[in-house]
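In case you want the letters, here they are:
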Amino acid sequence: FLLVCDHASNFIPAEYGTLGLPAADLTRHIAWDPGALPVARHMAGALDAPLVHSGVSRLVIDCNRPLDAGNLFWTVSEDTIVPGNQDIDAADRRHRIALAYDPFHDAIERVVRARLAQGQETWIVSIHSFTPVYLGTQRPWHIGIIHDTDERLASPLIARLRAVDGINVGVNQPYSPADKVYFTLEKHARSRGLPCAMIEIRNDEIAGEAGQRMWGERLAGILSEVEAQVPVGGRIAR
């Protein structure tokens, strides 16, 4: 497995201040995916898997979007206007891409290419978190598995999670590839025919260390079960 965490950090470089936002807004989901990185780190440790994560807030640039996306730089996130993103000129655009976007995707590329060059099986899983309430709407799912037509990882993940009592599993909920949230996996996995899936955990489930560890260990255990079903020297079935 190769794990990626696109929205791991709420760090904003000093040159951007707070992008005109109150400091409290930078702890909200609009700035990052709270809890996602600790979960990813627990998973990486349990799976002995590499982890590539972003180091800059998605408010500076959203690394999980194509460069031509309208929300590469969020001018309004959820219901919050981001003053520092209202008038981004060409020079600032290039600077932000070089600062955070290119290093993130270049790091994933280096890992993938090195693994494939060694003939190492590579399945890519991205870890995210989502808010319990979005624009006034309650979200009942504890976890969502996001996938497109390639369900090699998604289907066994969904089946095993649904077998756990008390877990409400969303399938392409609260987001789906139609919402343009699948870019990192499309770029690095789908373009090569590599199995992949996106995991979204409701962030109240992973607000503290206990929940982060529990979900990290649970997901690592499930992924290990999936891996164990692939014959030695075989490839996960298409």
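Residues numbered from 1 in each chain as written. Predicted model: local features only at pLDDT ≥ 70, side-chain atom pairs only at ≥ 80, totals over all residues. Heavy atoms only, no water.

Some details on the overall build of the chain
To keep it simple, the criterion reads: Labels follow the DSSP assignment, with helices taken as runs of H or I lasting at least four residues and strands as runs of E lasting at least two, numbered in each case from the N terminus. With the radius of gyration taken over C-alpha atoms, the globule rule is written as 2.2 Å times the number of residues to the power 0.38. The classification of residues rests on relative accessible area computed with a 1.4 Å probe and restricted to protein chains. Under 20% of the type maximum is buried, over 50% is exposed, and intermediate values are partly exposed. We call two residues contacting when some pair of their heavy atoms lies within 4.5 Å. Counting rule for charge: Lys and Arg are taken as positive, Asp and Glu as negative, and neither His nor the chain ends is counted. To locate a charge, take NZ of a lysine, CZ of an arginine, CG of an aspartate or CD of a glutamate.
On a plain count of helices and strands, the chain comes out with five helices and ten strands. Taken against the 2.2 N^0.38 rule, which gives 18 Å for 238 residues, the C-alpha radius of gyration of the chain at 18 Å falls within 12% of a compact globule. Taken along the three principal axes of its C-alpha coordinates, the chain extends 55 × 40 × 30 Å. For the chain, buried positions account for 53% of its 238 residues. The contacts of the chain with a sequence gap of at least 6 include a subset with a gap of at least 24, amounting to 79%. Side-chain charges of the chain comprise 23 positive and 29 negative groups, with the mean position of each set lying 4 Å from the other.

Observations concerning the layout of surface pockets
Rules: Think of a 1 Å grid over just the protein atoms. A cavity is a set of points where a 1.4 Å probe fits yet cannot get out, a pocket is an open set with protein on both sides within 12 Å along at least five of seven lines, and lining residues have an atom within 4 Å of a point. Grid points are joined across faces, edges and corners, and a volume is the space filled by probe spheres set on the points. When residue character is reported, Ala, Val, Leu, Ile, Met, Phe, Trp, Tyr, Cys and Pro are called nonpolar, Asp, Glu, Lys and Arg charged, and the others, Gly included, polar.
There is about 330 Å³ of room inside the largest pocket. As for the largest pocket, its lining consists of 20 residues, and the residues nearest its centre are H29, R65, W74, Y175 and V181. Only strand 5 (124-130) and strand 10 (196-202) provide two or more residues apiece to the lining of the largest pocket. Here the residues of the lining of the largest pocket are counted per class, giving six nonpolar, seven polar and seven charged.

Here's the deal with the packing of aromatic side chains
Stated precisely, the cut-off is as follows: Two aromatic rings from Phe, Tyr or Trp, using only the six-membered ring of Trp, form a pair when their centres are within 6.5 Å; if the ring planes differ by under 30 degrees the pair is stacked, by over 60 it is edge-to-face, and anything between is tilted. Note on geometry: a ring has a charge over it if NZ (lysine) or CZ (arginine) is within 6 Å of the ring centre and within 35 degrees of the ring normal.
Overall, the coordinates contain one aromatic pair when judged by the stated rule. Judged by centre distance (5.2 Å) and plane angle (85 degrees), the ring pair of F1 and W123 falls under edge-to-face. One end of the pair, F1, is in the segment before strand 1 (2-5); the other, W123, is in the loop between helix 2 (90-117) and strand 5, and 122 residues separate them in sequence. Residue F1 is classed as buried on the basis of its relative accessible area of 11%. The positively charged end of R218 is found above the aromatic ring belonging to W215, 4.7 Å away from the centroid.

Let's talk about the side chain of T80
The test is simple: For this analysis, a polar contact is any N or O atom pair within 3.5 Å, provided that within protein one partner can donate a hydrogen and the other can accept it, and provided that sequence-adjacent residues contribute only side-chain to side-chain pairs.
By secondary structure assignment, the location of T80 is in strand 4 (residues 80-81). Looking at T80, its side chain comes within polar contact range of the side chain of R28, at 2.9 Å. Within the structure, T80 has its side chain in polar contact with the side chain of D79 (distance 3.4 Å). Residues contacting T80, with those up to four places away along its chain left out, are L21, D25, R28, I30 and T75.

Looking at the packing of helix 1 (residues 36-47) against helix 5 (residues 209-228)
Basically, it comes down to this: Lines fitted to C-alpha atoms define the axes here, with helix axes fitted over just the stretch in contact, and angles between the N-to-C directions of these axes take values from 0 to 180 degrees. An angle below 35 degrees is treated as roughly parallel, one above 145 as roughly antiparallel, one from 65 to 115 as roughly perpendicular, and anything else as oblique. In this scheme the handedness of a crossing depends on how the near helix is turned from the far one: anticlockwise by less than a right angle means left-handed, clockwise means right-handed.
Between helix 1 and helix 5, the shortest axis-to-axis distance is 8 Å and the interhelical angle comes to 40 degrees. On the basis of the axis angle, helix 1 is oblique to helix 5. When you trace helix 1 past helix 5, the crossing you get is right-handed. Packed against helix 1, whose contacting residues are P38, V39, H42, M43, A46 and L47, the element helix 5 presents Q212, R213, W215, G216, L219, A220, L223 and S224 at the interface.

A short note on the side chain of T131
Within the fold, T131 resides in the loop between strand 5 and strand 6 (133-134). For T131, the side chain forms a polar contact with the main-chain oxygen of V133, separated by 3.0 Å.

Remarks on the pairing of strand 10
Heads up, the rule is: Any two strands are treated as partners once DSSP identifies two or more bridges connecting them.
Strand 10 sits mainly inside the fold: seven of its seven residues count as buried. Neither face of strand 10 is left uncovered, since the one carrying C196, M198, E200 and R202 and the one carrying A197, I199 and I201 both have all their residues buried. Relative to strand 10, strand 5 is paired through seven bridges, and the arrangement is parallel. In the sheet register, H128 faces strand 10, and the bridge partner there is E200. Sheet topology note: the strand 8 (residues 143-146)/strand 10 ladder contains four bridges and is antiparallel. The residue of strand 10 that forms the bridge with I145 is I199.

What to know about unusual backbone geometry
Q173 connects to P174 through a cis peptide bond whose omega is 0 degrees. When you line up the elements, P174 lands in the loop between strand 9 (169-171) and helix 4 (183-188). Even without a glycine there, the phi angle at E78 is positive, about 55 degrees. The topology assignment puts E78 in the loop between strand 3 (76-77) and strand 4. Residue classification places E78 among the partly exposed positions, given a relative accessible area of 23%.

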